[in-house]
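Survey of secondary and tertiary structure
What follows is each chain in one-letter form.
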Amino acid sequence: MNNSFCGQFKEAAESHLDKLAMKTIGVEGSEYTYREMLGEIRSIAFRLESEGIEFGDRVALIGENHPRWAICYFGILFRGAVCVPIDPHGEIETITNFFENSEAKMAFIGQEFVKDYQKIEENLGRKVSAVILQDEFFSNEKTPSENGFQPFSDWAKTERPADYDQKPLPAKPEDMAVLIYTSGTTGKPKGVPLTHGNIYYETNGCQEVMNIAETEVVLSVLPLFHVFAQVINLWVIASIGATVCYIKELTPEELTKAFQTKEITLLTGVPRIWYLFHKKVFDGVKAQSIVVQMLFKAMLKTNYFLRTNFNVNLGKKLFKKVHDGFGGKLDITISAGSRFDEKIARDYYALGFSMIQGYGLTETSGAVTATRFEDNVVGSVGKAVNYAEIKLGETNEKGEGEVLIKGKMVFGGYYKNPEATKEAFTEDGWFKSGDLGKLNKDGHLFIVGRSKDVIALPNGKNIHPEDLENHYLKSPYVEEMAILGVQDKSSAHAGAEKLVAVIVPDFAFLKQEKIANSKEWVRYDLDNLGRSLPEYQRVREYIISGEPLPRTATKKVKRFELQKQIESGELTADKQLERKAVELSAEDKALLNSNVGKTVVSVLKNNSKDAEKITPEMSLELDLGLDSLSRAEVFAALEQAFSTEFEGEEAAQAFTVKDVLDLAKKHAGDIDESQELSTDLNWGKIVQAKAEDVPEVQYILRDRTVFPALAYAVYNGFKLFNRFFMSLEVKGAEVFKEMERPFLICPNHQSYFDPFIITANYPFHIYKNIFHVGANMYFKSAFMQWAAKMLSVVPIDQDTQLMKAMKAGAIGLKHGKVLNIYPEGERAFDGEMSNFKKGAAILATELELPILPVAIDGVYKVWSRSSWMIRPAKVKVQFGKPFYPKDVLEMENAKRKTENKNAESDFSDEQKYEIVTAHLRAEIEKMIDEMRKSNLR
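To start, this report covers the structure provided alongside it. (Residues numbered from 1 in each chain as written. Predicted model: local features only at pLDDT ≥ 70, side-chain atom pairs only at ≥ 80, totals over all residues. Heavy atoms only, no water.)

Some points on the pattern of salt bridges
Enumeration according to the criterion identifies 36 salt bridges in this entry. The closest approach of N and O atoms between Lys-257 and Glu-254, which form a salt bridge, is 3.4 Å. Here Glu-254 and Lys-257 lie together in helix H10 (residues 252-260), a separation of three residues that amounts to about one turn. Assessed through its relative accessible area of 34%, Lys-257 is described here as partly exposed. (Salt bridge = Lys/Arg side-chain N within 4 Å of Asp/Glu carboxyl O. Helix = DSSP H or I, 4+ residues; strand = E, 2+ residues; numbered from the N terminus. Buried < 20%, exposed > 50% of the residue type's maximum accessible area, 1.4 Å probe, protein only.)

Digging into the sheet that holds strand S18 (residues 401-407)
With antiparallel pairing, four strands are arranged side by side in an open sheet as S17-S18-S19-S20. The open sheet is flanked by strand S17 (388-392) and strand S20 (445-450), the only strands paired with a single partner. This sheet shows a mean twist of 45° between the axes of neighbouring strands, independent of strand direction. Note: strand S19 (residues 431-439) against S20, five bridges, orientation antiparallel. If you follow Leu-439 over to S20, its bridge partner there is Leu-445. (Pairing = 2+ DSSP bridges. Axes fitted to C-alpha atoms, helices over the stretch in contact; angles between N-to-C directions.)

Describing the side chain of Gln-134
When you line up the elements, Gln-134 lands in the loop between strand S6 (130-132) and helix H6 (136-140). For Gln-134, a relative accessible area of 17% gives the class buried.

Overview of the nonpolar core
Counting residues in each nonpolar core, the largest one holds 129 residues, and the members touching the most others are Phe-9, Met-37, Tyr-73, Phe-108 and Leu-219. For this core, the element with the highest residue contribution is helix H9 (residues 227-240), accounting for 11 residues. Sequence-distant contacts of Met-37, that is, excluding residues within four places in its chain, are made with Phe-9, Ala-21, Met-22, Tyr-32, Ile-71 and Phe-74. Counting residues in each nonpolar core, the second largest holds 54 residues, with Tyr-699, Phe-779, Leu-847 and Ile-915 among its members. (Core = buried A, V, L, I, M, F, W, Y, C linked by side-chain atoms within 4.5 Å. Contact = heavy atoms within 4.5 Å.)

Quick word on the environment of Glu-567
Within the secondary structure, Glu-567 sits in helix H20 (residues 559-567). For the pair formed by Glu-567 and Val-486, sequence separation is 81 residues and the distance between their alpha carbons is 7.2 Å. When residues no more than four places from it in sequence are discounted, the contact partners of Glu-567 are Val-486 and Gln-487.

Focus: the packing of helix H2 (residues 34-50) against helix H3 (residues 67-79)
Running from amino to carboxyl end, H2 crosses H3 at an angle of 55°, the nearest separation of the two axes being 8 Å. Between H2 and H3, the crossing angle belongs to the class labelled oblique. Note that H2 runs across H3; the crossing there is right-handed. Listed contacts from H3 to Met-37, Leu-38, Glu-40, Ile-41, Ile-44, Ala-45, Leu-48 and Glu-49 of H2 are Ile-71, Phe-74, Gly-75, Ile-76, Phe-78 and Arg-79. In the contact of H2 with H3, the residues fall into 10 nonpolar, one polar and three charged. (Parallel < 35°, antiparallel > 145°, perpendicular 65-115°, else oblique. Left-handed = near helix turned anticlockwise from the far one by under 90°. Nonpolar A, V, L, I, M, F, W, Y, C, P; charged D, E, K, R; others polar.)

Keep in mind these values describe shape, not function.
Structure (structure tokens):
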């Protein structure tokens, strides 16, 4: 054997002739023993020679993962030709460039690629003979001979001379074996030629590190056209006689089917795949009780301690359910392709998995460093493998520098591209990886990011986006995220960048949690996570997208593509990428043209700024731009139009126009097709609801004396706590002497403590008549339902049952009660007020009742939104001057007349609500400013 990979593979195959080499799980007849595999490889090699494919000719290989893909790959190498593996999902123009640059003489292709292949031939202006991997293609073709395609089975069964198998393999270590393209959409393609020697040294360097046994059964999920998949799933496994299993497609269902075979012992994946598995495991834990969560964390810490200090691994016993989810036999897990989050790596280690991390590039034939079982520094990518050397280029103050590489697996230069080759190497022959890394004192390499991905901020700080993404991806509401540095046009610093995040929500999790307004929940949760970061590392602008992020074959985000979309204005916070048009079914067309359908579309157009054309597959939020309020108003308008009420959970589960259509159809009953239904919300009519219309409000209407008196005593005790712990200062409470019920009290919102602090300052005659309309998500347990009744809270989700919530508020007010309502709807960060919602303005305007504005400040320091820790701090409360909406509207009308004599005298209902809401916000803002100025005196 002359340091040839093919010779090594041949020797291993001949030593394991009757052993299973590979199969596709769930597909009968896909099994190959090493005898069968080697026989078909030799037949392919002989047929290539017979068909005029000379030594060194390039042969393209385009198709999904399949045993036949591997046979063709090895057959090309056995012939001494050069395999050109290509992504079957690449763009036509790109693949055409690869064919032209490589001068491919023929191709092996999957049947799903036939149409695209014919377009490539048209672009090339010449025919390139092709062999189809699937035989069923020819059973469906009437005249297969006319298109020039040939069946794989004919090639694989080609008879060869008796002495052919004994002939020495033609390729030498220095001969090219594989030509892999890393780019080529525009400009000159960058082809990476790897020699038989490169592959041999890469295979043996990795195997000497991992020492994979021939008994291993590997699940191959990564696309084989990429070098990382080839290293383990083709080169190493074939060189030792182990077994590879493929799946029909990379879906949760097929992965589950693979693990259920209980055969898989080794799995290779890029970080994103491991992150998805991790998220599934830990989201499942979060859904359990607090006791289970605490026990799980304790077991993680215990096993991590035992593995680190005593080399004892109890993972399979402590976390049996997790391991059973992977089939129960999975021991070795391998990650490469991009850097891995250190915390997640520690979690896998604590769960009992042996995670090997590798680092390398296509240009280095795959891994040049790897962690060892006996020396696994979690978070690092290990030390250099045999036959490789690494060092850092010029380092910064943190000890970070570009990773430079030398070794027998490093390529010699880009194919027909001397300019790119010159840029890729230092003068003394070290390959420049483009990755930033640092080395610890023992020589373990840590990758910190790509040098070209580093974001430069105006303050001179540099940001590695992957670090931030891993932090923000702790949110269970986020499935994918890419943080980019986008030119900050508002900055005085030339070329300065700002942090922008493109986010794909985890819609399955949101639906499970019955959360409809994903934008607000995602923003809220990411803001919370951002508070634990330094100010300069916080993302300030979020772009929520319903489409998966563009990724490479190894699942790396195509940052440059997203950057272009943002900078061109194609992708913004208010404008997402357009979805592909979907063909409407006859049933959908009929529904859209019905009275119900027309009413739904009309309501959506009334509430959406982006609704030019509405189709069933559109997302209410991402395509139509509905926020939580406009979404709630859509359902309220439909309830009014169809004289019905939706259940909160029903409305929460409606994410698309189709969902709303189905919901409306279910509740509309028999609607006269000639009847024109009103689609405008009439709040004046809605607030005239009677008590019997809303059963949930009944218990707050009863006069109670004993419990309110007891609760009031508790509140007064809390008042003493407030004075000492918060140095509470209250002004304007005497306003209650002048006020007559009913009215609305509207404070700003900084903390969970707000209602306790403010309510403790009400006189008893006000306190016993106070009621609240609260989000029902907080009042689901038996205890919280009891607490709601005792504290006069009506639990209704205003995001999904807005009409019911408004009716409840109106009924309580009409019965002489006092409604305590927070117009912000959420706790603000750092005391800065959020946008106000118009619910209070609607009730006060339509019922002609006064609003009492209340300002509270400082309590966000006592119990902030991002922490469960309570700290002492100075808190101030000021009760403002009550106002009637009609007085505010008269003042606004007079102001407009002064500015423009021809101004309209009448306001629409919507304008009235907006004016009253703006006035309320301004009054509270003014009081907060006064309180803060007094602190400075």
